[in-house]
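# Architecture at a glance
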Amino acid sequence: MQQAIESLSALERRIDLTVPAAVIEQEVKTRLAKLARNMKMPGFRPGKVPMKMIAQTYGAQVQAEVLNDKVGEAFSSAVSAGNLRVAGQPRLEARAAEGADSNDLAFSATFEIYPEIAIGDLSAAEVQRATCPVGEAEVERTLEIMRKQRATFERVQRPAQDDDAVTIDFKGTHAEGENAGQAFDGGSASDFKFTLGEGRMLPEFESAMRGMTPGQSKTFPLTFPADYGAQALAGKPVHFEVTVKQIEQPVLPAIDSAFARSLGVADGDVARMRAEIGNNLQREVATRLATRTKDSAMSALLAASSFDVPKSLVEADKQRLAETARNDLIARGMAAKDAPLPLDLFAPQAERRVRLGLLMGEAVRANNLQPRPDQIRKLVENMAQSYEKPQDVINWYLSDRKRLAELETVALEDNVTQWVIGQAKVVDTPVAFDELMGHKHR
């Protein structure tokens, strides 16, 4: 007999189920008997241990396993009969058994189902296809950045300017209120070294440093931004007293064979080094452009469709995002193992990810967008080209199913992106090279 399924909301359902006590009892006996056939205990031959001893030793464990299995079977049978696709895990609650046998296992299962998804009309949607040419100027810009990354420093006796490594002592004090003139936590340091112009310090602080010379001291006002991380200082005016102790200017390495060898060009050929930088840059730019275009396509896909998402899937994704963030903080050396991260912080991102995942799944199903083996192979080969031994990288990926699964996800996203582009209006959008690569151009 098919049980009635109650609709609690657009996606939430509840069903009352009962597992007869006789069914549970019989299954427990069957499993204990099966266990007894091979059971070994001191003083008994194999298979000759008394059933009473087996029941005393393993009865509770077997009972729990049977209850868990029978509840799962009853729930699966009910949702299958109702042709329901369950999203997330059901919430089970015991209830009083109805009928003659009060020992029956009666429970309610509350759960969510997947929504019906219809992808909206994309013909009016706009997808921005990011473009950024790569030529000699971009190669030279990249080469200059690589030189700065390998710079050495020498002391100078001149005013400080951008790119200099400046060593200072500083002390910050409150500028107003009852704490005026008093130092604040974290506002003082000795022999503090930073590179001027990198943006590590507040803009007003760096501006005050420019033009100062070794041995010079200065006091200047500064107001912390309203969104400053330390809430006690956010929006507050302070004074900083600073003494410059040392200024070092960068010395960039020459573009020669030694520099080429430091970049992995064994024979030191500068022309080959430039060619390799150009090739790697082309691949990196293409990857970043594709990511931007994909983000625009996914936003268009989201905007064209509206449906309820299962709360249980969003909650599970919030947990995953929080755990990832916590692990990232730990990897950065922060004591965040037991630090609580508010799950609501991840709610918008989690809902977007779940919604997008459901939409992509429907697009793949409806339009046969599953990744092809040759597509996966091409992805692997393209990734391998940036390594010294491409074939070793190819073999490494192809030998592990988990690594291949990650690439299958990339290929699936590429297929959905191209499908959206084929449906929508595409606008080529130039992106500045420095912006695309995340460079600070000074």
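That block above? That's the structure.
Residues numbered from 1 in each chain as written. Predicted model: local features only at pLDDT ≥ 70, side-chain atom pairs only at ≥ 80, totals over all residues. Heavy atoms only, no water.

## Topic: the overall build of the protein
The number of helices and strands found in the protein is 12 helices and 11 strands. Over its C-alpha trace the protein gives a radius of gyration of 33 Å, far above what one expects of a compact globule, namely 22 Å for 442 residues. On the principal axes, the C-alpha backbone points of the protein span a range of 95 × 65 × 60 Å. Here the protein, with 442 residues, has 34% of them falling under the buried criterion. The long-range fraction of contacts in the protein, counting pairs at least 24 apart against all pairs at least 6 apart in sequence, stands at 69%. About 26500 Å² of surface is accessible on the protein, with carbon and sulfur atoms providing 50% of the total. Separation of charge centres in the protein, based on 55 positive and 62 negative side chains, amounts to 5 Å. (Helix = DSSP H or I, 4+ residues; strand = E, 2+ residues; numbered from the N terminus. Rg over C-alpha atoms; globule rule 2.2 N^0.38 Å. Buried < 20%, exposed > 50% of the residue type's maximum accessible area, 1.4 Å probe, protein only. Contact = heavy atoms within 4.5 Å. Areas by Shrake-Rupley, 256 points an atom, 1.4 Å probe, with all protein chains shown as cover. Lys, Arg positive; Asp, Glu negative; His and termini not counted. Charge placed at Lys NZ, Arg CZ, Asp CG, Glu CD.)

## Some details on helix α7 (residues 311-331)
Counted at 1.5 Å a residue, the expected span for α7 with its 21 residues is 30 Å, and the 30 Å between its end C-alpha atoms agrees. Listed as buried for α7 are Leu-313, Val-314, Asp-317, Lys-318, Leu-321, Ala-322 and Arg-326. Looking at the buried side of α7, the elements it contacts are β3 (86-94) and α8 (347-367). (Expected span 1.5 Å × (residues − 1).)

## Considerations on the sheet that holds β3
Judged by pairing direction, the sheet is antiparallel, and its 4 strands sit side by side in the order β1-β2-β4-β3 without closing on themselves. Both outer strands of the open sheet, β1 (5-7) and β3, are each paired with one neighbouring strand and no more. Adjacent strand axes in the sheet meet at a mean angle of 25 degrees, parallel and antiparallel pairs treated alike. Helix-sheet contacts for helix α2 (residues 51-81) involve β1, β2 (12-19), β3 and β4 (105-113), and the interaxial angle to β4 is about 50 degrees. (Pairing = 2+ DSSP bridges. Axes fitted to C-alpha atoms, helices over the stretch in contact; angles between N-to-C directions.)

## Here we look at helix α9 (residues 373-384)
For α9, with 12 residues, the first-to-last C-alpha span of 17 Å sits near the 16 Å given by 1.5 Å per residue. Among all positions of α9, only Gln-375, Ile-376, Leu-379, Val-380 and Ala-384 are buried. For α9, the elements touching its buried residues are α10 (390-398) and α11 (401-423).

## Describing the layout of surface pockets
The calculated volume of the largest pocket comes to roughly 1100 Å³. Around the largest pocket, the lining comprises 33 residues; the ones closest to its centre are Arg-283, Ala-286, Thr-287, Arg-288 and Ala-290. The set of elements that each furnish at least two residues to the lining of the largest pocket consists of α3 (136-149), α6 (270-303), α9 and α11. Taken together, the residues of the lining of the largest pocket sort by class into 11 nonpolar, 13 polar and 9 charged. (1 Å grid on protein atoms, 1.4 Å probe; cavity = no way out; pocket = protein on both sides within 12 Å on 5 of 7 lines; lining within 4 Å. Points joined across faces, edges and corners; volume = space filled by probe spheres on them. Nonpolar A, V, L, I, M, F, W, Y, C, P; charged D, E, K, R; others polar.)

## A few points about the nonpolar core
One finds Val-127, Leu-301, Val-416, Trp-419 and Val-420 to be the most contacted residues of the largest nonpolar core, which totals 31 residues. Among the elements that line this core, the one with the most residues is α8, at 8 residues. Not counting chain neighbours up to four residues away, the residues in contact with Val-416 comprise Met-298, Leu-301, Met-360, Ala-363, Val-364 and Leu-369. (Core = buried A, V, L, I, M, F, W, Y, C linked by side-chain atoms within 4.5 Å.)

## A look at the packing of aromatic side chains
Enumeration over the complete set of coordinates arrives at 14 aromatic pairs. Ring centres of Phe-75 and Phe-111 lie 5.1 Å apart, and the angle between their planes is 85 degrees; this geometry places the pair in the edge-to-face category. Of the two residues, Phe-75 sits in helix α2 while Phe-111 sits in strand β4, which places them 36 residues apart along the sequence. Considered together, Phe-75 and Phe-111 belong to a single accessibility category, that of buried residues. Taken together, the aromatic side chains of Phe-170, Phe-184, Phe-192, Phe-194, Phe-205, Phe-220, Phe-224, Tyr-228 and Phe-240 make up a single cluster linked through ring pairs. Geometry around Phe-307 places Arg-355 over its ring, the cationic atom sitting 5.0 Å from the centre. Lying across the ring of Trp-396, Arg-403 places its NZ or CZ 3.7 Å from the centre. (Phe/Tyr/Trp six-rings, centres within 6.5 Å; stacked < 30°, edge-to-face > 60°. Lys NZ or Arg CZ within 6 Å of the ring centre and 35° of its normal.)

## A few points about the pattern of salt bridges
Tallied over the full model, the rule gives 33 salt bridges. In this structure, the salt-bridge partner of Arg-272 is Asp-267, at a minimum N-O distance of 2.3 Å. Within the structure, one salt-bridge network assembled from shared partners comprises Glu-27, Arg-31 and Asp-69. (Salt bridge = Lys/Arg side-chain N within 4 Å of Asp/Glu carboxyl O.)

## Description of the packing of α3 against α6
One can describe the packing of α3 onto α6 by two numbers: an axis separation of 10 Å at closest approach and a directional angle of 105 degrees. In terms of axis orientation, α3 runs roughly perpendicular to α6. The residues of α6 that touch α3, namely those facing Glu-138, Val-139, Glu-140, Thr-142, Leu-143 and Met-146, are Met-273, Arg-274, Ile-277, Gly-278 and Leu-281. Of the residues contributing to the contact of α3 with α6, the split by class is 6 nonpolar, 2 polar and 3 charged. (Parallel < 35°, antiparallel > 145°, perpendicular 65-115°, else oblique.)

## Things to note about the pairing of strand β7 (residues 165-174)
Burial analysis of β7 places 8 of its 10 residues in the buried class, which makes it a mostly covered element. When β7 meets strand β8 (residues 183-195), the two strands line up antiparallel, connected through 7 bridges. The residue of β8 that forms the bridge with Lys-171 is Ser-188. The sheet contact formed by β7 and strand β10 (residues 237-251) spans 10 bridges and is antiparallel. Directly across from His-174, in β10, lies its bridge partner Val-238.

## Some words on unusual backbone geometry
For Asp-163, which is not glycine, the phi dihedral falls at a positive 85 degrees. Structurally, the position occupied by Asp-163 is in the loop between β6 (152-155) and β7. Here Asp-163 falls in the partly exposed class, since its relative accessible area comes to 24%.

## Comments concerning the side chain of Glu-112
Structurally, the position occupied by Glu-112 is in strand β4. One buried charged residue, Glu-112, remains without a salt bridge, the closest side chain of opposite sign being Lys-311 at 6.1 Å. With residues up to four places along the chain from it excluded, the contact list for Glu-112 reads Leu-11, Glu-12, Arg-85, Val-86, Ala-87, Pro-310, Lys-311 and Ser-312.

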